[in-house]
Amino acid sequence: MSTPTARGARSAAQGILADDRSSQREEIIQALKKAYWMEIETVMNYITNSVNPDGVRAQEIIESLQADVQEELGHAQQFATRIKELYGVVPGSKDFAAEQDALQPPEHQTDVVHVIKGVIEAETGAIEHYNAIIELTEGVDPVTNDMVIAILRDEEGHRRLFEGYLREYEAEGLA
């Protein structure tokens, strides 16, 4: 009769943690590292864009971004944990390279439409990358696959919310 340890070892030997899956695992780790940095950069930019905007119309955007900061930080922590679980090393700040040009603060702090469009672009980029991770892990790494599917749902919700804000501005001729 096998012990729980032996059964666990047998399962690990057959799954993504198996030695013969190291190249697949490394590919997944690299995709997770990119996702981790995307979330960290989004947190930085959401903090910036939840503080800088001015004007009465900016308040709802500010509040929405403030709420999203914690959720995006949680996503980064999930990606970091999964990187570690897959025997990877979570990168430090010296490995960071900013990419979110559209989320940089606008020239005029009353330009809320700039912020809205930046959020939509960032969320779209995340959605595209997370769909790629889901495809990469399908049938190979169900744990990562399930985690990223759940995170994808959050990102789709964020994008949908900000698309609604943009439609409102467009309907009023402000975008």
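Preceding block: the structure.
The model shown is predicted, which means the values in this text are computed figures rather than measured ones.

1. Describing the overall build of the protein chain
Tallying secondary structure elements over the protein chain gives five helices and zero strands in all. When the helices and strands of the protein chain are placed in sequence order, the string is α-α-α-α-α. For the protein chain, the spread of C-alpha atoms along the principal axes amounts to about 70 × 35 × 25 Å. Across the 175 residues that make up the protein chain, the buried fraction comes to 41%. Carbon and sulfur atoms make up 52% of the accessible area of the protein chain, which amounts to about 9,700 Å² in all.

2. Details of the side chain of His 129
By the secondary structure assignment, His 129 is in helix H4 (residues 112-137). Sequence-distant contacts of His 129, that is, excluding residues within four places in its chain, are made with Ala 31, Lys 34, Ala 35 and Met 38.

3. With respect to the packing of aromatic side chains
A full pass over the atoms with the stated rule returns four aromatic pairs. Ring geometry for Phe 79 and Tyr 130: centres 5.3 Å apart, planes at 50°, overall tilted. Note that Phe 79 is positioned in helix H3 (residues 59-85) and Tyr 130 in helix H4, a separation of 51 residues in sequence. The class of Tyr 130 is buried, set by a relative accessible area of 0%. On the basis of an interplanar angle of 90° and a centroid distance of 5.0 Å, the ring pair of Phe 162 and Tyr 165 is categorised as edge-to-face. Of the two residues, Phe 162 and Tyr 165 are both situated in helix H5 (residues 142-171); the distance of three residues between them amounts to about one turn of the helix. Here the two residues Phe 162 and Tyr 165 agree in accessibility, since each one is buried.

Conventions adopted
Residues numbered from 1 in each chain as written. Predicted model: local features only at pLDDT ≥ 70, side-chain atom pairs only at ≥ 80, totals over all residues. Heavy atoms only, no water. Helix = DSSP H or I, 4+ residues; strand = E, 2+ residues; numbered from the N terminus. Buried < 20%, exposed > 50% of the residue type's maximum accessible area, 1.4 Å probe, protein only. Areas by Shrake-Rupley, 256 points an atom, 1.4 Å probe, with all protein chains shown as cover. Contact = heavy atoms within 4.5 Å. Phe/Tyr/Trp six-rings, centres within 6.5 Å; stacked < 30°, edge-to-face > 60°.

Scope: geometric values only; no functional claims are made or implied.
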